Amino acid sequence: MSLLSGYEPARSCTGSPTTGARALMSWYLGAYAGRGGRNLGIYNCRSVAGTSTTSLHGEGRADDLGVPVGASWAQGLADQLRLNSAELGVQCVIYNRRIWSGAHAAAGWRPYTGANPHVDHLHVELSWNSARGLTPERVQQVLGGQPAPPSTPPTTPPPSAPPGHPTIRRGAKGDPVRELQRILNAWYPTLPQLAVDGDFGPATEARVKHMQERAGLTVDGIVGPKTWARLLGG
Ligand SMILES: [Zn+2]
């Protein structure tokens, strides 16, 4: 395991995904689709959200590895990609409001303040060398031998409601609703902010469903033990 040092910025759109980025995505789906991992895209000729800088997606050198919001294994995977960045040719990883970049390799995870908080995917960038040469077999060789990130065994009973977090739904009022609204606003800073008024109305319900859908939960707009656990980082 070693850190890649250096960073090759994107210059201009190239028209297609690179073989290395496709290889990493292919490995990822094989390893994580069963735990909710999804392909959220590779090639996309655009700028970094909120800036005029060309995104690495425009050179097909970046993967958006979709993860269920709050998935316990996602940070583990982000760490493995960072710790093996030299072996894999990974030059940058962004996940859950934090960034690691080969431009500051030894600095570890730093706060990421870009417009997109990256709570539902890992953004992973490859060096040009890796973008041209990485294979799924190579990724498997480097990461496949690592202890599997923890996954929730299927026999785990559903979490009980955390203290002070009763099941709430449309029509509920009070402090738990206020806390819910605050958390949802923090999760989705780019969406219109909910009024933190302690009144579980249609807007709050719609935002709960939005979160449940993206987190792979039952989309019922009801905040019970499982939804609370996810919102509170369980
Ligand atoms: Zn991305």
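Positions within a chain are numbered from 1, following the residues in the order the chain's sequence is written. At least 70 in pLDDT is required for a residue's local features to be given in this predicted model, at least 80 for side-chain atom pairs to be given and counted, and no such filter applies to totals for whole chains, interfaces and linings, which use all residues. Only hydrogens and water are removed before side-chain values are computed, so all heavy atoms of the structure are retained for them.

- Looking up the protein in an unreviewed UniProt entry gives the name Putative peptidoglycan binding protein, with the organism given as Actinokineospora auranticolor.

1. With respect to the coordination of the zinc ion
- Donor atoms from the polypeptide that coordinate the zinc ion comprise His57 (NE2), Asp64 (OD) and His123 (ND1), at 2.0 to 2.1 Å from the metal.
- Counting residues between consecutive donors of the zinc ion along the chain gives the motif H-x6-D-x58-H. For the residue pair His57 and Asp64, the accessibility class agrees, reading buried in each case. Note on donors: an N, O or S atom is included if it sits within 2.8 Å of the metal, or within 3.2 Å for Na, K and Ca, and water is never included, so sites can look incomplete. Using a 1.4 Å probe on the protein chains alone, a residue whose accessible area is under 20% of its type maximum counts as buried, one over 50% counts as exposed, and one in between counts as partly exposed.

2. A word on unusual backbone geometry
- Backbone geometry at Asn96 places phi at a positive 50 degrees, although glycine is not the residue there.
- Despite not being glycine, His118 shows a phi value in the positive range, around 55 degrees.
- Helix and strand definitions here come from DSSP, where helices need a minimum of 4 consecutive H or I residues and strands a minimum of 2 consecutive E residues; each element is numbered from the N-terminal end. Among the secondary structure elements, His118 is positioned in the loop between β5 (110-111) and β6 (121-126).
- For His118, a relative accessible area of 6% translates into the label buried.

3. Some remarks on the layout of surface pockets
- In this analysis a 1.4 Å probe is tested at points of a 1 Å grid over the protein atoms alone, and where it fits but cannot get out there is a cavity; an open set with protein on both sides within 12 Å along at least five of seven lines is a pocket; lining residues have an atom within 4 Å of a point. Grid points are joined across faces, edges and corners, and a volume is the space filled by probe spheres set on the points. Considering only enclosed or pocket space, the second largest pocket measures out at about 460 Å³ in volume.
- In this structure, the second largest pocket is lined by 27 residues; those nearest its centre are Val48, Ile94, Tyr112, His123 and Glu125.
- Counting only elements with at least two residues in the lining of the second largest pocket, the list comes to β3 (90-95), β4 (98-101) and β6.
- When residues in the lining of the second largest pocket are grouped by element, the largest group, three residues, is from β6.
- Considering only residue class, the lining of the second largest pocket consists of twelve nonpolar, eleven polar and four charged. Gly counts as polar in this scheme, as do all residues outside two lists: the nonpolar Ala, Val, Leu, Ile, Met, Phe, Trp, Tyr, Cys and Pro, and the charged Asp, Glu, Lys and Arg.

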